[in-house]
Amino acid sequence: MQTGAITQYVDVAQLVLYMFWIFFAGLIYYLLQENHRDGYPLDPGNGRDTQIGGWPPVPKPKTYLLANGEQVTMPYPLKPPQALNAEPRHRWTGAPLEPTGNPLLAGVGPGSWSERADHPDLTLHGDPKISPLRANPEHGVAAQDADPRGLPVTGADGEVAGSVHDLWLDRSEMLFRYIEVKLADSGKTVLLPIPFARIGNDGVKVNAILASQFADVPGHREADQVTMLEEEKIAAYYGAGTLYATPARQEPLV
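This is a predicted model, so every value here is computed, not measured.

## Digging into the side chain of His 220
The topology assignment puts His 220 in the loop between strand E11 (203-206) and helix H2 (228-244). Exposure remark for His 220: the relative accessible area of 15% places this residue in the buried category. A polar side-chain atom of His 220 sits 2.6 Å from the main-chain carbonyl oxygen of Glu 222. Those residues in contact with His 220 that sit more than four places away from it in its chain are Trp 168, Leu 191, Gln 225, Val 226 and Glu 230.

So, in C-alpha cells, the structure goes:
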C-alpha cells in the first residue's frame, strides 16, 4: 500500500475529504437555521392560527446583549397577528391586496414597514445619530452645494406644500438623511427622506406624494430626534405614495 493508505481502497486524504463534506453540510444547516431567527414563524395571512416555520425548524430562543445594555431575544416572542389594513381583490389564495382606509397609512405593498425599536439609533458615544442642523452648529451645508433651507417644497401635483425648515444630519455617516418641511397651511413640521427629494436652486420637488398629502406624514415625538420605528413609518408613507398617491399610478403603463 502507498504512504497514507489505511486500506487498499481508503487513505487519509479521502477521509479528510469526507470530513470536510460533513462539516460543510453541517455549516450550511446551521446558517440556514440561524437565518430563521428573524421573521419566523411566518403568518400565512389567511386569518387562521397556523404558523409556517419552514426548514430547518426555527431555532430555540437566544438572548443577545446590545451595546446600550438592552437585551433582545430572538426569535422574538410570538405576538397576536395585527389587523391587516387591506383586503384581497379576489377570492383566490394569493390575490393582490387592496388597502383599506388611507392607502398611504395602510402599511401594505410599498408602504410596508418593519416594527423596529422605538428609540433613536445611537452613535458609538451613545448620542442620537440623526438630529437637525440646529442641534449641530459645528456642521453645515457644503459651499458648492445648494442650501435648500427656506426654499419651497412642491408635491407631485406641482402645488407648494411648505418650505424647508431645516436639514437632519446623520452624524455617523456625515450626510443628510431628512429635510424638515414646515407646512404652509398648518405650520406643522414633517420629515422628508432625502432619497424622495430632488433639490434644486429654486426649491425641492417631491414626486412620491401630492402637496395635500404632506399633512398626514407620520410625525415624531421629540423635536430634535427621531426613533427607528418613526423612521420606518415615515419612509413607508412616501414609499406608499409612489403607488397609491393617485389612482392613475395603480393602472398599467400601456
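## Quick look at the pattern of salt bridges
Throughout the structure, instances matching the rule amount to 10 salt bridges. Its salt-bridge partner being Asp 170, residue Arg 177 comes within 2.8 Å of it at the nearest N-O pair. Residue classification places Arg 177 among the partly exposed residues on the basis of a relative accessible area of 32%. Judged by its relative accessible area of 1%, Asp 170 falls in the buried class.

## Structural notes on the layout of surface pockets
Approximately 200 Å³ is the volume attributed to the second largest pocket. Contributing elements (two or more residues each) for the lining of the second largest pocket: strand E7 (160-170) and strand E8 (175-183).

## A few points about unusual backbone geometry
Look at the link from Trp 55 to Pro 56: it is a cis peptide, with omega at -5 degrees. With respect to the helices and strands, Pro 56 occurs in the loop between helix H1 (12-34) and strand E1 (62-65). For the bond running from Met 74 to Pro 75, omega is 0 degrees, close enough to zero to count as cis. With respect to the secondary-structure elements, Pro 75 resides in the loop between strand E2 (71-74) and strand E3 (86-88). With phi around 55 degrees, Met 174 is a residue other than glycine that occupies positive phi space.

## A look at H2
Residue pairs three or four apart in sequence face the same way in an α-helix, which turns once every 3.6 residues. If you check H2, its first and last C-alpha atoms are 24 Å apart, about what 17 residues at 1.5 Å a residue would give, namely 24 Å. Within H2, 12 of the 17 residues are buried, leaving the element largely enclosed by the surrounding structure. Restricting attention to buried positions, one finds in H2 the residues Met 228, Leu 229, Glu 230, Glu 231, Ile 234, Ala 236, Tyr 237, Tyr 238, Gly 239, Ala 240, Gly 241 and Tyr 244. Considering only its buried residues, H2 is in contact with strand E4 (97-99), strand E5 (130-132), E8 and strand E9 (189-193).

## Overview of the pairing of strand E10 (residues 197-200)
Bridging between E10 and E11 involves 4 bridges; their strand directions are antiparallel. For Ala 197, the partnering residue across the bridge sits in E11 and is Val 206. Between E10 and E11, which pair antiparallel in sequence order, lie 2 residues.

## Quick notes on the side chain of Lys 129
Residue position: Lys 129 is located in the loop between E4 and E5. Not counting the four nearest positions on each side in its chain, Lys 129 is found in contact with Asp 121, Leu 122, Thr 123, Leu 169, Asp 170, Arg 171 and Ser 172.

What counts as what
Residues numbered from 1 in each chain as written. Predicted model: local features only at pLDDT ≥ 70, side-chain atom pairs only at ≥ 80, totals over all residues. Heavy atoms only, no water. Helix = DSSP H or I, 4+ residues; strand = E, 2+ residues; numbered from the N terminus. Buried < 20%, exposed > 50% of the residue type's maximum accessible area, 1.4 Å probe, protein only. Polar contact = N/O pair within 3.5 Å; in protein donor to acceptor, adjacent residues only side chain to side chain. Contact = heavy atoms within 4.5 Å. Salt bridge = Lys/Arg side-chain N within 4 Å of Asp/Glu carboxyl O. 1 Å grid on protein atoms, 1.4 Å probe; cavity = no way out; pocket = protein on both sides within 12 Å on 5 of 7 lines; lining within 4 Å. Points joined across faces, edges and corners; volume = space filled by probe spheres on them. Expected span 1.5 Å × (residues − 1). Pairing = 2+ DSSP bridges.

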